[in-house]
Amino acid sequence: MNYDTTTSSELPGIHTVPQPRDKQRKKLAVRLRGIKPYLYLLPVLLSLGFWIYRPLIETFQLSFYQWNLLPTSPKVYVGWENFKNLFTLPEMGASLTNTLIYTIGVVPFSLIVPLFIAIFTENISKRSRNVYRALIFLPMIMAPVAVSSIWRWIMHPTNGILNRTLQYFGLEEPIHFFTDERWAIYSIIFITGWKLIGFSTLIFSAALTGINKEYYEAAKIDRASRWQMIRHITLPLLSPSILFMGMLSILFASEWSFSYVNVLTQGGPLDSTTNIYYLLWQYGFQTFAVGWSSAAAVVLFIGFGLIALGFMKLSKKLTFFDD
């Protein structure tokens, strides 16, 4: 008598015990699933490491050497000598003073004027508001060299439209905006700020769009004035954007002005427009004192890094979020 025999794996409802190899494959699959997001980030991390952190490390290294950028020239280790020489140079003190002037001078163009424009164009019609903001943002997308050429023509001492207009209203002597040490740095600040207004206005306008309009409706019911709504609703809710733009203005005001200094004044007259960025560029690519240039870059990195850290701590205390 023959009986059909079946294994336990073929019986319904009965499962076989997974083998050790199956367990290893499942563990490997779980591990690969956890690594997969980092594989997507790997190209970006490699790019950041190669293009940002590698030059940063090399800059710190070169600040302790004397070198003239020639591949056949040896790098001579000088220790802290570059930093000592840097702080004893007279142009270093002038450039730091000018950097402070640039920073203070750009703040009204990056904070006060854009904030005023963003707030007082918020309630006009959508089409008109977009036209206003497009016209204000237009200078931001223009090339700095083109902007410098335009303002050089406008501020020309004899043929410029600005001097011609001032002479029409009674100015006797033309103003040499880029060759007079009394006017040069303020002319660069004005051009830098004029180009920056559009970017700051865009940031503040985007932040205003995210404010809940119910706050204003409730304030109107309580008969709050326009200024009271700006003071107690708009400005507190814009505080993250205001501090963000304030930090950018302090950290990058001199960097934003570099192109205009290079094209219009070349740091003159009498170093009156030279800032720390232009100084380290001069050391690196004009006199080929790479050690001095790297030392100036390290000082700049540490100083502005501390300022950025202070702003981050300050923002935690002063910013107000609509949670």
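Residues numbered from 1 in each chain as written. Predicted model: local features only at pLDDT ≥ 70, side-chain atom pairs only at ≥ 80, totals over all residues. Heavy atoms only, no water.

Whenever I open this one, the overall build of the protein confuses me. Can you help?
Each helix and strand counted, the protein has 13 helices and two strands in total. The C-alpha atoms of the protein give a radius of gyration of 30 Å, which is well past the 20 Å a tight globule of 323 residues would have. Projected onto its principal axes, the C-alpha positions of the protein cover 130 × 75 × 35 Å. Across the 323 residues in the protein, those meeting the buried criterion constitute 34%. For the protein, the proportion of contacts with a sequence separation of at least 24, taken over those separated by at least 6, is 66%. A total accessible area of about 21200 Å² is found for the protein, and carbon and sulfur atoms account for 66% of it. (Helix = DSSP H or I, 4+ residues; strand = E, 2+ residues; numbered from the N terminus. Rg over C-alpha atoms; globule rule 2.2 N^0.38 Å. Buried < 20%, exposed > 50% of the residue type's maximum accessible area, 1.4 Å probe, protein only. Contact = heavy atoms within 4.5 Å. Areas by Shrake-Rupley, 256 points an atom, 1.4 Å probe, with all protein chains shown as cover.)

Can you walk me through a nonpolar patch on the surface in this structure?
Together, Tyr-38, Leu-41, Val-44, Leu-45, Leu-48, Phe-50, Trp-51, Ile-52 and Tyr-53 make up a nonpolar patch on the protein surface, roughly 990 Å² of accessible area in all. Mapped onto the elements, Trp-51 comes out in helix H1 (residues 20-62). (Patch = residues over 30% accessible without salt bridge, like charges linked within 9 Å, V, L, I, M, F, W, Y side chains within 5 Å. Salt bridge = Lys/Arg side-chain N within 4 Å of Asp/Glu carboxyl O.)

I tried to follow helix H10 (residues 239-256) on my own but got confused; where do I start?
Three or four residues apart is the spacing at which side chains of an α-helix point the same way, because the helix has 3.6 residues per turn. The principal kink in H10, of about 45°, is found at Ile-250. Those residues of H10 not exposed but buried are Ser-239, Ser-241, Leu-243, Met-245, Gly-246, Met-247, Leu-248, Ser-249, Leu-251, Ala-253 and Ser-254. Summarising the contacts, the buried residues of H10 are in contact with helix H3 (90-120), helix H7 (184-209), helix H9 (226-237), helix H11 (258-265), helix H12 (276-285) and helix H13 (290-318). (Bend = angle between axes of the 7 residues up to and from the residue.)

Would you mind going over the packing of aromatic side chains with me for this structure?
For any pair of aromatic rings, the description rests on two quantities: the centre-to-centre distance and the angle between the ring planes. In total, this model carries 17 aromatic pairs according to the counting rule given. When the centroid spacing of 5.0 Å and the interplanar angle of 85° are considered together, the rings of Phe-64 and Trp-80 count as edge-to-face. Of this pair, Phe-64 sits in the loop between H1 and strand S1 (65-66) while Trp-80 sits in the loop between strand S2 (76-77) and helix H2 (81-88), and the two are 16 residues apart along the sequence. Judged by its relative accessible area of 22%, Phe-64 falls in the partly exposed class. (Phe/Tyr/Trp six-rings, centres within 6.5 Å; stacked < 30°, edge-to-face > 60°.)

Can you walk me through the pattern of salt bridges in this structure?
Pairing between side chains of opposite charge can happen when the charged atoms of each approach one another. Applying the stated rule across the entire model yields two salt bridges. Note that Arg-54 is salt-bridged to Glu-58, the shortest N-O span being 3.6 Å. Placement of both Arg-54 and Glu-58 in helix H1 is noted, with a separation of four residues, approximately one turn of the helix. In this structure Glu-58 comes out as partly exposed when scored by relative accessible area, which is 34%. Notably, a salt bridge pairs Arg-182 with Asp-180, separated by 2.9 Å at the nearest N-O pair.

Any chance you could explain the layout of surface pockets here in plain terms?
The gaps left among the atoms become clear once a water-sized probe is rolled over them. Within this model, the largest pocket holds a volume of roughly 360 Å³. Forming the boundary of the largest pocket are 16 residues, of which Leu-280, Gly-284, Phe-285, Ser-293 and Ser-294 lie nearest the centre. Elements represented by at least two residues in the lining of the largest pocket include exactly H1, H12 and H13. With five residues, the single largest contributor to the lining of the largest pocket is H12. Residues that form the lining of the largest pocket fall into these classes: 10 nonpolar, four polar and two charged. (1 Å grid on protein atoms, 1.4 Å probe; cavity = no way out; pocket = protein on both sides within 12 Å on 5 of 7 lines; lining within 4 Å. Points joined across faces, edges and corners; volume = space filled by probe spheres on them. Nonpolar A, V, L, I, M, F, W, Y, C, P; charged D, E, K, R; others polar.)

Help me out: how do you make sense of the packing of H7 against H10 in this one?
Packed helices, taken two at a time, are described by the angle their axes make and the gap between the axes. Running from amino to carboxyl end, H7 crosses H10 at an angle of 160°, the nearest separation of the two axes being 12 Å. Relative to H10, the element H7 lies roughly antiparallel. H7 and H10 meet at a crossing whose hand is right-handed. Mapping the contact onto sequence places Thr-192, Leu-196, Phe-199, Ser-200, Ile-203, Phe-204 and Ala-207 in H7 and Ser-241, Ile-242, Met-245, Leu-248, Ala-253 and Trp-256 in H10. Residue composition of the contact of H7 with H10, by class: 10 nonpolar, three polar and no charged. (Axes fitted to C-alpha atoms, helices over the stretch in contact; angles between N-to-C directions. Parallel < 35°, antiparallel > 145°, perpendicular 65-115°, else oblique. Left-handed = near helix turned anticlockwise from the far one by under 90°.)

Explain the nonpolar core to me, please; I cannot follow it from the model alone.
Side chains of nonpolar character tend, in soluble globular proteins, to be buried together. Of all hydrophobic cores here, the largest spans 20 residues; its most connected members are Tyr-102, Trp-151, Phe-178, Ile-188, Ile-191, Tyr-260 and Leu-264. Only H3, helix H5 (144-154), H7 and H11 provide two or more residues apiece to this core. Ile-188 has contacts with Tyr-102, Phe-178, Ser-257, Tyr-260, Val-261, Leu-264, Thr-265 and Thr-273, leaving out every residue within four places of it along the chain. (Core = buried A, V, L, I, M, F, W, Y, C linked by side-chain atoms within 4.5 Å.)

I would appreciate a short explanation of the confidence of the model for the protein in the present structure.
Taken as a whole, the protein shows an average pLDDT of 85; of its residues, 92% reach a score of 70 or greater. Between residues 5-11, whose pLDDT stays under 50, and residues either more than four places distant or in other chains, the model counts four contacts. (pLDDT = per-residue confidence, 0-100.)

Explain the side chain of Thr-121 here, please?
Within the secondary structure layout, Thr-121 lies in the loop between H3 and helix H4 (126-137). Among the polar contacts made by the side chain of Thr-121, one reaches the main-chain carbonyl oxygen of Ile-117 at a distance of 2.5 Å. Once you skip the residues sitting within four places of it in the chain, Thr-121 turns out to touch Arg-129 and Arg-133. (Polar contact = N/O pair within 3.5 Å; in protein donor to acceptor, adjacent residues only side chain to side chain.)

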